[in-house]
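Remarks on the overall topology
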2 protein chains.
Amino acid sequence: MNASAMAESTFKTQGLSERTLIEMIRARARRRFDGLRLGIGDDCAIIRPRQGEEIVVTTDFSLEDVHFRRDWHTPESVGHRCLARGLSDLAAMGARPVAAFLSMAMPQELLAARRGKSWVERFLDGFIALAKRFDVPLAGGDTARAAERACFDVVLLGAVKRGHAWLRSGAKAGDGIYVTGTLGGAAAELMALERSPQRFAGLTKAEGEHPHVFPEPRLDVAKKLAALGLVRAAIDISDGLSTDLAHLCEESGVAAEVDSSAISVDVRAMLAERAGWAASAMKLALHGGENYELLFTAAAEARVPQRIAGVEVRRIGRMVKRSRGARMKLRDEDGRVTELEACGWEHFREQLRRGQLNSGWLRSGR
Amino acid sequence: MNASAMAESTFKTQGLSERTLIEMIRARARRRFDGLRLGIGDDCAIIRPRQGEEIVVTTDFSLEDVHFRRDWHTPESVGHRCLARGLSDLAAMGARPVAAFLSMAMPQELLAARRGKSWVERFLDGFIALAKRFDVPLAGGDTARAAERACFDVVLLGAVKRGHAWLRSGAKAGDGIYVTGTLGGAAAELMALERSPQRFAGLTKAEGEHPHVFPEPRLDVAKKLAALGLVRAAIDISDGLSTDLAHLCEESGVAAEVDSSAISVDVRAMLAERAGWAASAMKLALHGGENYELLFTAAAEARVPQRIAGVEVRRIGRMVKRSRGARMKLRDEDGRVTELEACGWEHFREQLRRGQLNSGWLRSGR
C-alpha cells in the first residue's frame, strides 16, 4: 500500500502519533511535480513518463547499525544519506529523478520529542532538504513499528530517454575511464566520525563538504554528461573504485588499466594516512566506498571536459581487451604495474557494524 | 542500488552464502518480460511502459512479529503474502503488474539450511510461485543482515492506460458499492492459525482457499473489470471493509449506505462465531482485514456481472450525498439503520504482535 499504509498504521508514542507523522509527511510532500500524477493518498502513486521515456528504479535499505549508527550520525545525516544512495544510482544511469518512496520501520523512541523535535522529524528534515534540492517529490511509502533498530527502505524512480540509460555493460576496449570528484574522502570521514562522533554532532545541514555525512549525488554532472552524449558505460562508486570498476569490467567483458597518478585523492584520505588510521591514502581512494562519485567510460577520442557542473572529472585509465592475466591493473607513478584487486567496501561496513574500524584491513596495509 | 547491492553484500552463514542467495535469485528472475528492459544486474532496473501508459507504484513492508510470525506462518506463506499485498494494490488501481522489487534484511539463521532448504529459500519459493502465476518479474532489490527479526520491503510497479487508473476519489453519490469474494475469511483464518499453528504447518503451497495464509490478489477480476470500463473508484480491502470504505468516502467526498444482508460472509467467519472466537461473523466481515478483495463503485445504472473471472461480485450498498450525520450507515436485515464505524484492522495487528488475539476486541463484541 502507499498512502493506505501511511494513513492507517499502528503506533503511537508519548511524542508524535503516527497519524501526526503521516500528516506531516503528506503536508511536506504535497507539492506538484512534473511526472508525478498522484502522490500519497491512494493504493498506489501514479507516475506519468514523458513520451519516449523509460523508467528506472532503484531500492536501498538503510539499516541501523549496518548503514548508520544513532550514536555517530545525526538524524539529518541519516535522512540525507538514505536518499543520496538512490539518487546516486539514478545519476549512474544518466536519469533524472521522478519520485521517491520512503518506508520506515522505527522503534517508538524515535517518535518521541527530544528538545523540541523527535528523531524522525529531524530525519525527515535531512531527507526532504535533499529531495527539494533535486526536485524529487516524496510520493509514498510505508510505516511500521520496529522492535529495536530502525530500518528504512528508499525507492527511487527516474526517467531517461528510451534506450539512453547508461549501463554497466556498455564499455569497450579502448575507452577512457573517468571519475568525478575526489576519492577516499568518505571513507576517511567515516574513520574520523568513529573516532570523535562528538565533532560531528552539530552537522545537521548539508553545508560544506562532508563526503560521508552529507554525500553529494552527482545528478548535475550526470545531466550535463547526458547532454554531451559521450558516456558509454557508468556506475556509481558506492562500493569503492576497485569493486565498482570490477563490476563494469565484468558486465562489459573487458579489462581495465588504471594510472594511480591520475587519481584525485581526497585531502581527508591524506590526513587519515598521516594520522595512522589507514596504511595509505591511495588505498582509501582505491577501495573506500560510499563516495557516490561517478565512474564512466567514453570512447578514446571523446573530448570529456575536465570540469562538469563545478566538479572535477579525471581520466584515470583505459579499458583494454580481456586477456588471461589480471582483470584490472594498476600502474603506479614509477610505471610499475601490479594487479588491482577488488577490495569491497563491505569490509568496512562489517567493521563499522562491529565498531572495529581501528583494527581493520586498511591499517593492516592490505 | 539494485543488483549492485544484490551482488556485493556482506553476510555469510553456515548454510547459504549471500552470494549463493543472490545467484539463486538472479537465476530464478532471469526470464524476459514485456515491459522490463533490464532486471537485476545494474544500478537500476529499467521499465519500458507502452505508449500511452502510466506507471503505478506501491511499497509494502512485511516485518517479523508485526505482519507475520515465524512460529505461525510457513516461509512459503510469508513469501506469498509479502507479494500479494502489493499485487492487490495494483489490482485496486486497475493496473497490470510490470515488475517486483524485493528488499530483504534477515538474521543469519534464515540462511542456514534446515532439512535441505533454508528458510529464505522456502520464502523465495512462495514469493516466486505467486510472481510466476501473474507473470511478474523480480527486477531487483536489496539485501542486508538484520540483528534478530526479518524485514522485507516489496515494491510493485504496474502499468495502466493513461488517465484510466481507478482512484479512491472517483466515487459519486448514487454509485453502487461492490465487493468481490467473501469477507471475514482472512481474519477468521488468522484466529485459527493463532490457536493451532501446527494445523497450518503443512501449508507450503497456494492450493485450496486460504484467505489469510495464501491470499489471492484479484488481478484477474481487475483486468476484466477494466475491460468493462464500469469502475469509478476502487480500493482493496486490506484494512477491513469498514476502514477502506471510509477511505473511499473520505477521498470522494461522499457517504455510504451498506446493506448487511448483501454481504457475503465467509464460512470461516461463521465457524469462528460458532467457536466463540468472535462476537459475530458479521463483525469479522465488516472489520476484518487482509482479505485483499476489491471494493469498488459503479454508476447506479451500470450492469456489473455477478461473477467475474470466477469470483462472486456483490452489490452491497450505495454511495449517497454527504450530510451532517454518520459518514457510513449499515442497514440490517430488519431494515434498522445504525452507524457503521471504521474499526481498523490495525487493532488485529497489534494483538497479533502481542499474541493476544484471544482477548481482543472482536470477542468483546465491539
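Note that the structure is predicted; figures quoted are calculated from it, not measured.

**Observations regarding the overall build of chain A**
Each helix and strand counted, chain A has 11 helices and 16 strands in total. Scored against the burial criterion, the 366 residues of chain A give a buried share of 59%. Taking the contacts inside chain A whose residues are at least 6 apart along the sequence as the reference set, 84% of them involve residues at least 24 apart.

**Looking at the sheet that holds strand β4 (residues 96–106) of chain A**
For sheets, the rule is that strands pair by backbone hydrogen bonds, running either parallel or antiparallel. Read across the sheet, six strands follow the order β7(A)-β4(A)-β8(A)-β3(A)-β2(B)-β1(B) without closing on themselves; strand pairing throughout is mixed. Lying at the two open borders of the sheet, with one neighbouring strand each, are β7 (138–145) of chain A together with β1 (36–38) of chain B. Direction aside, the axes of adjacent strands within the sheet are offset by 20 degrees on average. Direction of pairing for β4 of chain A relative to β7 of chain A: parallel, over a ladder of seven bridges. Bridging across to β7 of chain A, alanine 100 of chain A finds its partner in leucine 138 of chain A.

**Points about the nonpolar core**
Membership of the largest hydrophobic core comes to 236 residues, with the highest contact counts inside it found for Val56 and Ala100 of chain A together with Val56 and Ala100 of chain B. Residues within four places of valine 56 of chain B in sequence aside, it is in contact with Cys44, Ala45 and Ile46 of chain A together with Leu90, Met93, Ala95, Gly158, Val160 and Ala165 of chain B.

**Some remarks on the environment of valine 154 of chain B**
Residue and element names in this part refer to chain B. Structurally, the position occupied by valine 154 is in strand β8 (residues 151–161). Owing to 29 C-beta atoms within 10 Å, valine 154 belongs among the buried residues under this scheme. With 41 residues separating them along the chain, valine 154 and arginine 195 place their C-alpha atoms 29 Å apart. Apart from residues no more than four positions distant in its own chain, valine 154 is found in contact with Asp60, Ser62, Cys82, Leu83, Gly86, Ala100 and Leu102.

**What to know about the confidence of the model for chain A**
Residues and elements named next belong to chain A. Of all residues in chain A, 87% attain a pLDDT of 70 or more, and the chain-wide mean is 86. Long-range and interchain partners of residues 1–14, a stretch whose pLDDT sits below 50, account for 56 contacts in this model, where long-range means more than four residues apart. Here residues 355–366 is a poorly scored stretch, pLDDT under 50, and it has 17 contacts once near neighbours within four places are set aside; other chains count.

**Regarding the packing of helix α3 (residues 75–93) of chain A against helix α4 (residues 119–133) of chain A**
All names here are of chain A. Axis separation between α3 and α4 bottoms out at 7 Å; the angle between their running directions is 45 degrees. One element, α3, and the other, α4, form an angle in the oblique class. Considering only the axes of α3 and α4, their crossing is right-handed. Residues Pro75, Glu76, Ser77, Val78, Gly79, His80, Cys82, Leu83 and Ala84 of α3 form the contact with α4, whose participating residues are Trp119, Arg122, Phe123, Leu124, Asp125, Gly126, Phe127, Leu130 and Ala131. By residue class, the composition of the contact of α3 with α4 is 11 nonpolar, four polar and three charged.

**Re the interface of chain B and chain A**
Each partner contributes residues to the interface: chain B has 62 residues there, and chain A has 61 residues. Element by element, the count of residues in the side of chain B that touches chain A is highest for strand β3 (residues 53–63) of chain B, at nine residues. Within the side of chain B that touches chain A, the residues separate by chemical class into 27 nonpolar, 15 polar and 20 charged. Pairing analysis gives three bridges linking strand β2 (residues 45–47) of chain A to β3 of chain B, with the strands arranged antiparallel. Bridging from a neighbouring strand, isoleucine 46 of chain A pairs with valine 56 of chain B of β3 of chain B.

**Description of the domain arrangement of chain A**
Accessible area lost upon the coming together of the parts is a frequently used measure of interface size. All names here are of chain A. Here the domain parsing of chain A yields domain 1 (3–161) and domain 2 (168–355). In this complex, domain 1 contributes 23 residues to the contact, which on the side of domain 2 involves 27 residues. Here the side of domain 1 that touches domain 2 gets 12 residues from one element, more than from any other, and that element is α3. Split into classes, the residues belonging to the side of domain 1 that touches domain 2 amount to 11 nonpolar, five polar and seven charged.

**As for the relation of the copies chain B and chain A**
Superposition record for chain B on chain A: RMSD 0.0 Å, screw rotation 180 degrees, translation along axis 0.0 Å. Classification of the inter-copy transformation places it as that of a two-fold axis. Comparing contact sets, 98% of the residues at the interface of chain B also lie at the interface in chain A, consistent with an isologous, same-surface contact.

**Side note on helix α7 (residues 219–228) of chain A**
In an α-helix, one turn spans 3.6 residues, which is why side chains three or four residues apart end up on the same side. All names here are of chain A. Taken together, the buried positions of α7 are occupied by Leu219, Val221, Ala222, Leu225 and Ala226. Buried residues in α7, looked at end-on, bunch into an arc of 150 degrees, giving them a common side. Glycine 229 occupies a position one or two residues after α7 and carries a positive phi of about 70 degrees.

**A few points about unusual backbone geometry**
All names here are of chain B. At glutamate 290, a position not held by glycine, the phi torsion is positive, near 60 degrees. In this structure, glutamate 290 sits in the loop between α10 (281–287) and β12 (294–298). For tyrosine 292, which is not glycine, the phi dihedral falls at a positive 55 degrees. Residue placement: tyrosine 292 occurs in the loop between α10 and β12.

**Observations regarding the packing of helix α5 (residues 185–195) of chain B against helix α9 (residues 267–274) of chain B**
Residue and element names in this part refer to chain B. Closest axis-to-axis distance for the α5/α9 pair is 7 Å, and the angle between their directions is 50 degrees. With respect to α9, the axis of α5 lies oblique. In this structure, α5 crosses over α9, and the sense of that crossing is left-handed. Counting all contacts with α5, which are made through Gly185, Ala188, Glu189 and Met191, the residues of α9 involved are Arg268, Ala269, Leu271 and Ala272.

**So, the sheet that holds strand β7 (residues 138–145) of chain B**
If you walk across this open sheet you meet the six strands as β1(A)-β2(A)-β3(B)-β8(B)-β4(B)-β7(B), and the pairing is mixed. A strand with exactly one partner marks an edge of an open sheet, and here the two such strands are β1 (36–38) of chain A together with β7 of chain B. Between one strand axis and the next, the sheet turns through 20 degrees on average, direction left out of account. As paired elements, β1 of chain A and β2 of chain A share two bridges and run antiparallel to each other. Among the inter-strand pairings, leucine 38 of chain A is bridged to a residue of β2 of chain A, identified as isoleucine 46 of chain A. Running at roughly 30 degrees to β8 of chain B, helix α3 (residues 75–93) of chain B makes contact with β3, β4 (96–106) and β8 of chain B of the sheet.

**Things to note about the environment of alanine 279 of chain B**
All names here are of chain B. Among the structural elements, alanine 279 can be located in the loop between α9 and α10. The exposure class assigned to alanine 279 is partly exposed, which follows from the 16 C-beta atoms found within 10 Å. Alanine 279 sits 25 residues away from valine 304 along the chain, and the two C-alpha atoms are 33 Å apart.

**A word on the pairing of strand β15 (residues 328–331) of chain A**
Residue and element names in this part refer to chain A. Judged by which residues are buried, β15 turns out to be one-sided: Met328 and Leu330 face inward and are buried, whereas Lys329 and Arg331, on the alternate face, are not. With four bridges joining them, strand β11 (residues 255–259) and β15 adopt parallel strand pairing. Directly across from aspartate 259, in β15, lies its bridge partner arginine 331. As paired strands, β15 and strand β16 (residues 337–339) are joined by three bridges and run antiparallel to one another. Bridge assignment links lysine 329 to a residue of β16, and that residue is glutamate 339.

The rules behind these values
Residues numbered from 1 in each chain as written. Chains lettered and ligands numbered in written order. Predicted model: local features only at pLDDT ≥ 70, side-chain atom pairs only at ≥ 80, totals over all residues. Helix = DSSP H or I, 4+ residues; strand = E, 2+ residues; numbered from the N terminus. Buried ≥ 20, exposed ≤ 12 C-beta atoms within 10 Å, placed from the backbone. Contact = placed C-beta atoms within 7 Å. Pairing = 2+ DSSP bridges. Axes fitted to C-alpha atoms, helices over the stretch in contact; angles between N-to-C directions. Core = buried A, V, L, I, M, F, W, Y, C linked by C-beta atoms within 7 Å. pLDDT = per-residue confidence, 0-100. Parallel < 35°, antiparallel > 145°, perpendicular 65-115°, else oblique. Left-handed = near helix turned anticlockwise from the far one by under 90°. Nonpolar A, V, L, I, M, F, W, Y, C, P; charged D, E, K, R; others polar. Domains from an automatic or database assignment. Least-squares fit on C-alpha atoms with pLDDT ≥ 70 in both. Arc of directions from axis to C-beta.

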